[in-house]
Amino acid sequence: MGQAAFNTRPSHQIARAQNTVYIHSMIQLRYRYNAVFKSVSEASAPDHEYLPVLKKDGDFKRVPWKGFIDLEDAREISGATPVKLDIYQYSTSVGLMPKWQYVPAGMAVQGCLTKIGVYAVVDNGQLRLVRRPTQP
């Protein structure tokens, strides 16, 4: 669903039982917090960034950002939960002036919530977009 594509330069490795998967740093995410836009990317210091995770009641909670993860790897993490990230825009361009694209209305970035934090999910080299929850 998403339009984000990655470069071939590996920046982060996620070890699996049988091999290593390379996740690339070309994508950036932008979200609003206290009327200010904040951006994160694979290069962001994960211990100092928090992303808004949507709750079923329409509110959100801030969860530590851990990077990007492939959909297949996310499915293999014991105890992981799929969540929706309240992301406003994303960019796949590199440089000082990224070209931001809006997350379409009614959509959210899929996240993978783990014990240590949340990852943004990538599927076949694209940022995975899912429908936003409807408010009760």
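The sections below set out a description of the structure shown in this document. In this text the structure is predicted, and so the values were computed from the model without any measurement.

## Some words on the overall build of the chain
Right, on to step 1. A tally of helices and strands in the chain yields one helix and 13 strands.
Right, on to step 2. Taking all 136 residues of the chain together, the buried fraction comes to 42%.
Right, on to step 3. On the chain, roughly 8,100 Å² of surface is accessible, and the fraction owed to carbon and sulfur atoms is 49%.

## Regarding the sheet that holds strand E4 (residues 36–41)
Right, on to step 1. Read across the open sheet, the four strands follow the order E4-E3-E8-E9; overall the sheet is antiparallel. A strand with exactly one partner marks an edge of an open sheet, and here the two such strands are E4 and strand E9 (100–102). Going across the sheet, the axis of each strand differs from the next one's by a mean of 30°, ignoring polarity.
Right, on to step 2. In this structure, strand E3 (residues 28–33) lies alongside E4, joined through six bridges in antiparallel fashion. For Tyr31, the partnering residue across the bridge sits in E4 and is Lys38.

## Notes on the packing of aromatic side chains
Right, on to step 1. Enumeration over the complete set of coordinates arrives at three aromatic pairs.
Right, on to step 2. Between Phe37 and Tyr88, the aromatic rings sit 5.0 Å apart at their centres with planes inclined by 35°, giving tilted as the arrangement. Placement of Phe37 in strand E4 and of Tyr88 in the loop between strand E7 (81–85) and strand E8 (89–91) is noted, with a sequence separation of 51 residues between them.
Right, on to step 3. Note on Phe37: relative accessible area 43%, which makes it partly exposed.
Right, on to step 4. Relative to Phe68, the ring of Trp65 lies with its centre 5.2 Å away and its plane at 90°, an arrangement referred to as edge-to-face.
Right, on to step 5. In this structure Phe68 comes out as buried when scored by relative accessible area, which is 0%.
Right, on to step 6. Ring pairing ties together the aromatic residues Phe37, Tyr88 and Tyr102, which thus form one cluster.
Right, on to step 7. Sitting over the face of the ring of Phe37, Arg30 holds its NZ or CZ atom 5.7 Å from the ring centroid.

## Considering unusual backbone geometry
Right, on to step 1. The phi dihedral of Asn34 is positive, around 55°, even though this residue is not glycine.
Right, on to step 2. Tracing the backbone through its elements, the reader meets Asn34 in the loop between E3 and E4.
Right, on to step 3. In this structure, Ala35 takes a positive phi of about 65° despite not being glycine.
Right, on to step 4. Looking at the secondary structure, you find Ala35 in the loop between E3 and E4.

## Quick notes on the environment of Ala120
Right, on to step 1. The residue Ala120 is located in strand E11 (residues 118–123) in this model.
Right, on to step 2. Placed 36 residues apart in sequence, Ala120 and Lys84 show a C-alpha to C-alpha distance of 9.1 Å.
Right, on to step 3. Residues within four places of Ala120 in sequence aside, it is in contact with Leu29, Trp65, Gly67, Phe68, Ile69, Leu85, Val109, Gln110, Gly111 and Leu127.

About the thresholds
Residues numbered from 1 in each chain as written. Predicted model: local features only at pLDDT ≥ 70, side-chain atom pairs only at ≥ 80, totals over all residues. Heavy atoms only, no water. Helix = DSSP H or I, 4+ residues; strand = E, 2+ residues; numbered from the N terminus. Buried < 20%, exposed > 50% of the residue type's maximum accessible area, 1.4 Å probe, protein only. Areas by Shrake-Rupley, 256 points an atom, 1.4 Å probe, with all protein chains shown as cover. Pairing = 2+ DSSP bridges. Axes fitted to C-alpha atoms, helices over the stretch in contact; angles between N-to-C directions. Phe/Tyr/Trp six-rings, centres within 6.5 Å; stacked < 30°, edge-to-face > 60°. Lys NZ or Arg CZ within 6 Å of the ring centre and 35° of its normal. Contact = heavy atoms within 4.5 Å.

Distances and angles like these do not, on their own, reveal function.
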